[in-house]
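This is what each chain is made of:
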Amino acid sequence: MLMLSTKQDASLSQDTISIGGHGQTKEIIGRFLRNRAAVFGMVVVLFLLFCAIFPQALTQYDPIEQNLRDRFAAPSAEHFFGTDEYGRDIFSRVIYGCRTSMEIGLISVAISCIIGVVIGAIAGFYGGITDNLFMRFIDVLMAIPNTLLGISIVAALGNSIPNLIIALSIGSIAGYARVVRVSVLSTKGTEYVEAAYATGASDFRIIFKYILPNCLAPIIVQATMSVATTIMAATGLSFLGLGVPAPTPEWGAMASSSRAYIRDYWWLVTFPGLAIMTTAFSFNLFGDGLRDALDPNMKPRLK
């Protein structure tokens, strides 16, 4: 009877943990959905991802095909956003430019996130000399402005999308490393980590199975917010002529090449600028909503 009671208690505790975890996830989703601005940002982000993956479904024009007979055509039913100085359809270039910007932003964030998480986790877990060495390296990165670092790297390596991704990735490592380090320092002293030590688990297993999964919330928020920052940095470098090489459609490069015609042909700069603004704004709204939904301290205020 005692053994049966013990088994029943164990099964009940497992069910309670499972229901509690599911309930917590449901509560987080509910808090996010109650935030209308965050939902709007998510919808726009999903639309941008659709544009990046299936640009041919939204436009029939080739973004790099020139037609000098139609140059400087105003917005119309044939060309929704008009044409540029080479007769290229601006709507097509904006849609395909979304693919370029999202590719640069997402890949750069993924690379910097992986490297930053590893550095922050190792520094926070081991502490001491290891922590000092890694964090002094992070301090050096943070001392250099991201734009200046990006300009230096792209100028040294040359204009190309891979070089631009490398430049933007290096500049974003510091943010992830500091966020993860703080989370690891607050997590490694918990009871379940000490229990993992007692079972003889390796440091690698403890870090990546027990500690980092409990640090996902700040990492997700940091990554979401960084996509907007990275896309803005990429468009800025392209505007300066150090980003995506021509004739690849990219919003910053489109705005830069249209500066000379801004007074006479407003649509050349307006629509790429609106695309940049909408992307940054939607990712910021989405990131703010995730932060509020994942932060338990925000729960009373959102009710």
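Keep in mind that this is a model prediction, so the values were computed, not measured.

Rules behind the numbers
Residues numbered from 1 in each chain as written. Predicted model: local features only at pLDDT ≥ 70, side-chain atom pairs only at ≥ 80, totals over all residues. Heavy atoms only, no water. Helix = DSSP H or I, 4+ residues; strand = E, 2+ residues; numbered from the N terminus. Buried < 20%, exposed > 50% of the residue type's maximum accessible area, 1.4 Å probe, protein only. Contact = heavy atoms within 4.5 Å. Areas by Shrake-Rupley, 256 points an atom, 1.4 Å probe, with all protein chains shown as cover. Phe/Tyr/Trp six-rings, centres within 6.5 Å; stacked < 30°, edge-to-face > 60°. Lys NZ or Arg CZ within 6 Å of the ring centre and 35° of its normal. Arc of directions from axis to C-beta. Salt bridge = Lys/Arg side-chain N within 4 Å of Asp/Glu carboxyl O. Polar contact = N/O pair within 3.5 Å; in protein donor to acceptor, adjacent residues only side chain to side chain. Patch = residues over 30% accessible without salt bridge, like charges linked within 9 Å, V, L, I, M, F, W, Y side chains within 5 Å.

A.B. asks: Which residues make up the overall build of the protein, and what are the values?
C.D. replies: For the protein, the helix and strand inventory stands at 12 helices and 0 strands. Starting at the N terminus and ending at the C terminus, the protein contains elements arranged as α-α-α-α-α-α-α-α-α-α-α-α. Within the protein, buried positions represent 42% of all 303 residues. Relative to all contacts within the protein whose residues are 6 or more apart in sequence, the contacts with residues 24 or more apart total 71%. Accessible surface for the protein amounts to roughly 16,500 Å². Of this, 65% is attributable to carbon and sulfur atoms.

A.B. asks: Lay out the packing of aromatic side chains with the relevant residues and their values.
C.D. replies: Under the definition given, this model contains 13 aromatic pairs. Between Phe 80 and Phe 91 the ring centres are 5.3 Å apart and the planes differ by 80°, which places this aromatic pair in the edge-to-face class. You can see Phe 80 sitting in the loop between α2 (36-53) and α3 (90-126) and its partner Phe 91 sitting in helix α3, a full 11 residues away along the chain. Between Tyr 265 and Trp 267, the aromatic rings sit 5.6 Å apart at their centres with planes inclined by 70°, giving edge-to-face as the arrangement. Its relative accessible area of 7% is what places Trp 267 among the buried residues. Taken together through their ring pairs, the aromatic side chains of Phe 72, Phe 80, Phe 81, Phe 91, Tyr 261, Tyr 265, Trp 266, Trp 267 and Phe 271 make up a single cluster. For Arg 259, the ring lying beneath its charged end belongs to Phe 239, and the centroid distance is 4.9 Å.

A.B. asks: Can you break down unusual backbone geometry residue by residue, with the values?
C.D. replies: The omega angle of the peptide bond from Ala 246 to Pro 247 is 0°, so this bond is cis rather than trans. With respect to the element layout, Pro 247 can be found in the loop between α9 (216-239) and α10 (251-257). With phi around 60°, Phe 72 is a residue other than glycine that occupies positive phi space. Within the fold, Phe 72 resides in the loop between α2 and α3.

A.B. asks: Lay out the environment of Gly 41 in plain terms, naming residues and giving numbers.
C.D. replies: Within the secondary structure, Gly 41 is located in helix α2. Among the residues examined, Gly 41 registers a relative accessible area of 0% and is labelled buried. In this structure the C-alpha to C-alpha distance between Gly 41 and Ser 282, which are 241 residues apart in sequence, comes to 4.2 Å. In this structure Gly 41 touches Ser 282, Leu 285 and Phe 286, once residues within four positions along its chain are discounted.

A.B. asks: Tell me about helix α8 (residues 203-211), and please be specific about residues and values.
C.D. replies: Those residues of α8 lying buried are Ile 206, Ile 207 and Ile 211. End-on view of α8: buried residues confined to an arc of 95°, all on one side of the axis. Where α8 is buried, its residues touch α3, α6 (161-187) and α7 (191-198).

A.B. asks: Go over the pattern of salt bridges, please, and point to the residues and values.
C.D. replies: As enumerated under the stated definition, the model contains 7 salt bridges in all. In this structure, Arg 136 engages Asp 139 in a salt bridge whose closest nitrogen and oxygen atoms are separated by 2.9 Å. Taken together, the positions of Arg 136 and Asp 139, both in helix α4 (residues 128-143) and 3 residues apart, correspond to about one turn of that helix. For Arg 136, a relative accessible area of 44% translates into the label partly exposed. Since its relative accessible area comes to 29%, Asp 139 is described here as partly exposed.

A.B. asks: Talk me through the side chain of Asp 292; I want residue IDs and the actual numbers.
C.D. replies: With respect to the helices and strands, Asp 292 occurs in helix α11 (residues 267-294). Engagement of the side chain of Asp 292 in a polar contact is seen with the side chain of Arg 291, the distance being 3.4 Å.

A.B. asks: I'd love a proper account of a nonpolar patch on the surface, names of residues and values included.
C.D. replies: A grouping of Ile 107, Ile 111, Ile 114, Ile 115, Val 118, Phe 204 and Phe 208 is seen on the molecular surface, where their side chains present a nonpolar patch of about 620 Å² in accessible area. Among the elements of the structure, α3 and α8 are those that each provide at least two residues to the nonpolar patch. Looking at the nonpolar patch element by element, the count peaks at 5 residues for α3. Inspection of the secondary structure puts Phe 204 in helix α8.

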